Amino acid sequence: MKKNKKKNKGILFWITGLSGSGKTQIGKKIKKSISNIYGPTLFISGDDMRNIFELKKYTNKARISNGIKFGKFCKFVTNQNINIIFALVSLREKVRKWNRKNISNYVEIYIKTDIKKIMKIGKKKVYKKFNKNIVGLDIRAEFPKSPDIIIENDFKKSIKQLSDNLIKKIKKTI
């Protein structure tokens, strides 16, 4: 989204990246700033939606289906002039294309990190108890080709530093 925000519609800040990249922590950290700058804002994680709707399948097909459903939900909310910060893996091109086509004020934010670093620091148990259907391991990740914003997380900066950097980039983008 390039400085052409539609009035009377909320903004969807779609934060994507590998599990353990810092999406949820960064999303929660920017919520207050986003609310202050752009108005009423919800924070939602992919785990929140999976828990609310009891979504238990993690296959590639289920991930695409759920991602588009999440996009439809976000469109419904943003059409009511409420912003959403949505943090989820969503490394499926089909889902992001749907969002770009159907959601007026869509900002795609990619938290770029190395899966080996995530595994090394042991942030996510999902990689320790690896069985199947893990994006980046046995499900090929479809990383964004042209996100609106990229935040590099090498785990050397604090979540506050990464979040402050993201807010600066958002202000330049919108």
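Higher on the page you've got the structure.
The numbers attached to residues start from 1 for each chain and follow its sequence in the written order. The predicted nature of this model means local features are confined to residues of pLDDT at least 70 and side-chain atom pairs, given and counted, to a pLDDT of 80 or more, with totals for whole chains, interfaces and linings taken over all residues. Water and hydrogen atoms were dropped before computing side-chain values, which therefore reflect all heavy atoms in the structure.

J.: What am I meant to see in the nonpolar core here?
T.: One broad rule of soluble globular proteins: the nonpolar side chains tend to lie buried together. One finds F13, I30, I34, I109, L166 and I170 to be the most contacted residues of the largest nonpolar core, which totals 20 residues. Helix and strand definitions here come from DSSP, where helices need a minimum of 4 consecutive H or I residues and strands a minimum of 2 consecutive E residues; each element is numbered from the N-terminal end. Breaking this core down by element, the ones donating at least two residues are strand 1 (12–16), helix 1 (23–38), strand 3 (83–87), strand 4 (106–112), strand 5 (149–152) and helix 7 (159–173). The contact rule is simple, with two residues in contact once any of their heavy atoms fall within 4.5 Å. Those residues within four positions of F13 in sequence are excluded, and the remaining contacts are I34, Y38, N83, I84, I85, F86, V107, I109, I170 and I174. If you look at the next biggest cluster of nonpolar residues, it comprises 16 residues, including C74, V77, I84 and V95. As used in this record, nonpolar core signifies buried Ala, Val, Leu, Ile, Met, Phe, Trp, Tyr and Cys residues forming a set joined through side-chain atoms within 4.5 Å. We call a residue buried when its accessible area falls under 20% of the maximum for its residue type, exposed when it is over 50%, and partly exposed in between, using a 1.4 Å probe and counting protein chains only.

J.: Is there a simple way to think about the pattern of salt bridges in this case?
T.: Any two side chains of opposite charge can pair if their charged atoms end up close together. The salt bridge definition used is simple: a Lys or Arg side-chain nitrogen within 4 Å of an Asp or Glu carboxyl oxygen. If you walk through the whole model with that rule in mind, you get six salt bridges. When the shortest N-O distance is used, the salt bridge between E108 and R100 registers 3.8 Å. K160 is paired through a salt bridge with D164; the nearest N and O atoms lie 2.8 Å apart. In this pair, K160 and D164 are both assigned in helix 7, four residues apart and thus about one turn of the helix distant.

J.: It is not clear to me how the pairing of strand 3 should be interpreted in this structure. Could you clarify?
T.: In summary, the side chains of a regular strand alternate between the two faces of the sheet. In terms of burial, strand 3 is a largely internal element, five of the five residues being buried. By this definition, two strands are paired if DSSP reports at least two bridges between them. Of the strand pairs in this sheet, strand 1 and strand 3 are connected by four bridges, and their pairing is parallel. Residue pairing across strands places W14 opposite F86, the latter belonging to strand 3. Two strands pair when backbone bridges link them, and strand 2 (residues 41–45) and strand 3 are joined in this way by five bridges, in the parallel orientation. Each residue of the ladder has a partner; that of F43, found in strand 3, is I85.

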